[in-house]
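# Residue-level structural notes
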Amino acid sequence: MRHAARDPDLFGTESLTDLHKEAAHCRACHLYKDATQTVFGEGAAHAPIMLVGEQPGDKEDLAGKPFVGPAGQVLDRGLDEAKIPRNKIYITNAVKHFKFVLRGKVRLHQKPNTSEIRACRQWYERELLAVKPALVVAMGATAAQCVFGKITPIGKNRGHLLDLTENTKALVTVHPSYLLRLPDADAKAREYAHFVSDLKLAFEYIHHKEKAT
Ligand code: URA
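Notes on the structure in this doc start here. Being a predicted model, the structure only gives us computed values, none of them experimental. (Residues numbered from 1 in each chain as written. Predicted model: local features only at pLDDT ≥ 70, side-chain atom pairs only at ≥ 80, totals over all residues. Heavy atoms only, no water.)

### Considering the overall build of the protein chain
Cut-off, in case you're wondering: Strands here mean DSSP runs of E at least two residues long; helices mean DSSP runs of H or I at least four residues long; both are numbered from the N terminus. Taken over C-alpha atoms, the radius of gyration is set against a globule rule of 2.2 Å times the number of residues to the power 0.38. When a residue's accessible area, from a 1.4 Å probe over protein chains only, is under 20% of the maximum for its type it is buried; when over 50% it is exposed; and in between it is partly exposed. Using the Shrake-Rupley algorithm and a 1.4 Å probe, accessible areas are obtained, with residue cover drawn only from the displayed protein chains.
The number of helices and strands found in the protein chain is eight helices and eight strands. In terms of overall dimensions, the protein chain is globule-like: its C-alpha atoms have a radius of gyration of 16 Å, near the 17 Å expected for 213 residues. Its C-alpha atoms give the protein chain principal-axis dimensions of about 50 × 40 × 30 Å. Sorting the 213 residues of the protein chain into buried and exposed places 49% on the buried side. Here the protein chain has roughly 11100 Å² of accessible surface; of this, 54% comes from carbon and sulfur atoms.

### So, the packing of aromatic side chains
Using the following cut-off: Ring pairs shown here join Phe, Tyr and Trp side chains whose ring centres sit within 6.5 Å, with only the six-membered ring taken for Trp; geometry is labelled stacked below 30 degrees between planes, edge-to-face above 60, and tilted in between. Think of it as a cone above the ring: NZ of Lys or CZ of Arg counts as a charge over the ring if it is within 6 Å of the ring centre and within 35 degrees of the ring normal.
Evaluation of the coordinates by the stated rule reveals two aromatic pairs. When the ring of Phe40 is compared with that of Trp123, the centres are 6.2 Å apart and the planes differ by 85°; the resulting orientation is edge-to-face. Residue Phe40 is found in the loop between helix 1 (16-23) and strand 1 (42-43), and its partner Trp123 is found in helix 4 (residues 114-131); the two are separated by 83 residues along the sequence. With respect to burial, Phe40 and Trp123 carry one shared label: buried. In this structure, Arg77 is placed above the aromatic ring of Tyr192, and the distance from its NZ or CZ to the ring centre is 4.2 Å. The lysine or arginine in question, Arg107, covers the ring of Phe100, its NZ or CZ lying 4.9 Å from the ring centre.

### Observations regarding the pattern of salt bridges
As a reminder of what qualifies: A side-chain nitrogen of Lys or Arg and a carboxyl oxygen of Asp or Glu constitute a salt bridge if their distance falls within 4 Å.
Counting across every chain of the model gives 12 salt bridges. With a shortest N-O distance of 2.8 Å, Arg107 and Asp61 are connected by a salt bridge. A residue pair is termed long-range when its members are at least 10 positions apart, and Arg107 in strand 5 (residues 106-109) and Asp61 in helix 2 (residues 58-63) qualify at 46 residues. Residues Arg107 and Asp61 agree in their burial class; the two are buried. A salt bridge links Glu125 to Arg121; the nearest nitrogen and oxygen atoms lie 3.0 Å apart. Of this pair, Glu125 and Arg121 both sit in helix 4, four residues apart, which is roughly one turn of that helix.

Right, here's the structure in full:
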């Protein structure tokens, strides 16, 4: 099938609404079989910032919206502290179906593998072309792998803007779920503060860029 990530004639012509509809029927990997639905990105159509997470969790799979569960609450708090209004940005995931194993009645999150990340990458690429953000923030290793098209360690690349395309910078940070999983309260507070400082860097970059134009 022709799509804007591969076909220069289609660059910038696909709307998010059309992409969302098409993605609802995605069969590019096997994950659609057990998930409730495709969870596509959402937010401002021409947002200056695109946030990329890993994949929908249990709550997102049921709601059909990204970051509405516990990780979403951490993200919302961080965005608030960094003065980034959620409705002014675009939020999506590297993988658009929930991957899980059943343990009794509980659906336990499973990390997507490289072939699932690759199969789903066309949607991120096409969202990127439609939204044209000035900055992409990759949260966690799966998001960083999707955004850069290769394994990109968070620790080494964190704290500064990276070149993504001619007009787009990227920033990597941890995933909000990582903060939820930390058992130690001090480490949790420290890592959360670091996450917020990454989001503040995103805010500063966009703020200065918008002031300059
Ligand atoms: N974790 C993610 O990476 N994305 C979501 O939408 C929810 C949890």
